[in-house]
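Letter by letter, the chains look like this.
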Amino acid sequence: MEISFKSRKDQKTFNEYRTLKKEYGDPMAKTIQKRMAVLKNAPTLFHVQADRTMRLHPLKGNRNGQFAVNLKHPFRLVFIPNHDTLPTTEDGAVDLSKITAITILEVIDYH
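Residues numbered from 1 in each chain as written. Predicted model: local features only at pLDDT ≥ 70, side-chain atom pairs only at ≥ 80, totals over all residues. Heavy atoms only, no water.

1. Let's talk about the overall build of the protein chain
- Each helix and strand in the protein chain was counted, giving four helices and five strands.
- By its C-alpha atoms, the protein chain is 45 × 25 × 25 Å across when sized along the principal axes.
- Burial statistics for the protein chain: of 111 residues in total, 41% are counted as buried.
- Expressed as a percentage of contacts within the protein chain between residues at least 6 apart in sequence, the contacts between residues at least 24 apart total 51%.
- When the accessible surface of the protein chain is split by element, carbon and sulfur atoms take 48% of a total near 6900 Å².
- Within the protein chain, the 12 negative side-chain charges are centred at a point lying 9 Å from the centre of the 18 positive side-chain charges. (Helix = DSSP H or I, 4+ residues; strand = E, 2+ residues; numbered from the N terminus. Buried < 20%, exposed > 50% of the residue type's maximum accessible area, 1.4 Å probe, protein only. Contact = heavy atoms within 4.5 Å. Areas by Shrake-Rupley, 256 points an atom, 1.4 Å probe, with all protein chains shown as cover. Lys, Arg positive; Asp, Glu negative; His and termini not counted. Charge placed at Lys NZ, Arg CZ, Asp CG, Glu CD.)

2. Quick notes on the sheet that holds strand β3 (residues 67-70)
- Across the sheet, five strands lie side by side as β1-β5-β4-β3-β2; this open sheet has mixed pairing. Each end of this open sheet is capped by a strand with a single partner; those strands are β1 (2-5) and β2 (57-58).
- Summarising the sheet, strand β4 (residues 76-81) and strand β5 (residues 101-108) pair through six bridges and their orientation is antiparallel. Across the sheet, the residue bridging to leucine 77 is valine 107, located in β5. (Pairing = 2+ DSSP bridges.)

3. A look at unusual backbone geometry
- Put simply, histidine 73 and proline 74 share a cis peptide bond, and its omega is 10°.
- Looking at the secondary structure, you find proline 74 in the loop between β3 and β4.
- The phi angle at arginine 55 is positive, at roughly 50°, despite the residue not being glycine.

So, to be careful, I would describe these as geometric facts and stop short of saying anything about function.
Next comes the structure, spelled out in structure tokens:
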């Protein structure tokens, strides 16, 4: 999957373990790296959904259109599909099998 970031700073943070560790601490940095590896290696979000450890879920309310995967409780890695037109199924749901690019937004506890 193609992964982009909302800022260059985030791109540097997520792609350099030392910076990631400084920002989030060692245990969280390791978990973020694992999640990022799964996302990078998955051809589509459908394949990410199949990995139960990720716990991929769509968000609602003011975060409608965003998705998250679990990190260390209660934190989540939040991202959006990076497509000009969001692929949908006939019933209007997001077609995870056609999402091949995402933009990482943040690591947050939104609970």
